[in-house]
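Inside the fold
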Amino acid sequence: MTTAPLVLLPGMLCDAGLWDDVRDGLGGSTVDVELSAPSIEGMAKQVVAAVDGPFALAGLSLGAIVGFEVLRLAPERVTGFCAMSTNAGAPRPHQLDQWAALARLTAEGGFADAVEAILPTMFATPDPPAEHARRFLAMARRVGPDTFRAQLAAQATRTDAHESLRAVRVPSQVLSGGADALCPESFHTAIASAIPGADLRTLPGAGHLLPIERPGDVAGLLADWLRTVPRRKESHA
């Protein structure tokens, strides 16, 4: 028997570096997928194409939203699901306006200004520790303006996922930060209520980017969840 790989999906303006302080504590193989398609469905198809066979999936923010769509498109491929720092609702009008403004600013050469405007919402306080800010800004630079604009376009294609989540039948965990300015605990309560048997955990005082702010807690919770995920038979074909 072997454990299915864990696919790790980052949030908007984040890359595989989001999970650097968490990965070693997970005790198995991981796969990182860059989310660069201009729609949530397109991103979900990127995920499904990136791995052969079944996989567990953990996503943060945009990554979890893509995970909702993966569960809808290919539920037979997913052995376990973890959503953190996210929202299963459809976009609200003010969000659509904000994303459009950020896309225009980026298209006009203001990518760095757009990233700086987003930074205060990423952590528990608007003025995060210098190392946390440095890591987020470095990830954003690696993601770059073109992928950022695609991610903004994808966010606008979101639909409400709560009803589809009622069909999930794999071990599921929902993680939130008690001081997340973007995705409050109530969002996660709604997600956990929709997924049968989901385990809901909140990290008090933590903001949006949990794997950077609270890596030890996140690694421990993910490891506990992974122990509940079914194993698969090893292929000898």
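Refer to the structure printed above.
The following refers to the structure shown. (Residues numbered from 1 in each chain as written. Predicted model: local features only at pLDDT ≥ 70, side-chain atom pairs only at ≥ 80, totals over all residues. Heavy atoms only, no water.)

A look at the layout of surface pockets
- One number sums up the size of the largest pocket: a volume of about 570 Å³.
- If you go around the largest pocket, you meet 29 residues; those closest to its centre are Met 12, Gln 95, Trp 99, Thr 121 and Leu 182.
- Those elements that place two or more of their residues in the lining of the largest pocket are α2 (62-73), α3 (93-107), α4 (111-118) and α5 (130-155).
- Here the lining of the largest pocket gets five residues from one element, more than from any other, and that element is α3.
- Taken together, the residues of the lining of the largest pocket sort by class into 17 nonpolar, ten polar and two charged. (1 Å grid on protein atoms, 1.4 Å probe; cavity = no way out; pocket = protein on both sides within 12 Å on 5 of 7 lines; lining within 4 Å. Points joined across faces, edges and corners; volume = space filled by probe spheres on them. Helix = DSSP H or I, 4+ residues; strand = E, 2+ residues; numbered from the N terminus. Nonpolar A, V, L, I, M, F, W, Y, C, P; charged D, E, K, R; others polar.)

Description of the packing of aromatic side chains
- For the structure on display, the rule yields two aromatic pairs.
- Judged by centre distance (5.8 Å) and plane angle (65°), the ring pair of Phe 68 and Phe 81 falls under edge-to-face. With Phe 68 in helix α2 and Phe 81 in strand β4 (residues 78-84), the pair connects residues that are 13 residues apart, well separated along the chain. Each member of the pair, Phe 68 together with Phe 81, is buried. (Phe/Tyr/Trp six-rings, centres within 6.5 Å; stacked < 30°, edge-to-face > 60°. Buried < 20%, exposed > 50% of the residue type's maximum accessible area, 1.4 Å probe, protein only.)

Some remarks on α4
- For α4, the full list of buried residues reads Phe 111, Ala 114, Val 115 and Ile 118. All buried residues of α4 lie within an arc of 100° about the axis, which places them on one face of the element. Structural note: α4 exposes Ala 112 and Asp 113 on the side pointing more than 90 degrees away from its buried face.
- Those residues of α4 hidden inside the fold are in contact with α3 and α5. (Arc of directions from axis to C-beta. Contact = heavy atoms within 4.5 Å.)

Focus: the sheet that holds strand β6 (residues 199-203)
- An order of β2-β1-β3-β4-β5-β6 is seen for the six strands of this open sheet, with the pairing classed as parallel. At either margin of the open sheet sits one strand with a lone partner, and together these are β2 (30-32) and β6. Taken pair by pair, the neighbouring strands of this sheet meet at an average axis angle of 20°, ignoring direction.
- Sheet topology note: the strand β1 (residues 6-9)/β2 ladder contains three bridges and is parallel. Within β2, the residue paired with Leu 6 across the bridge is Thr 30. (Pairing = 2+ DSSP bridges. Axes fitted to C-alpha atoms, helices over the stretch in contact; angles between N-to-C directions.)

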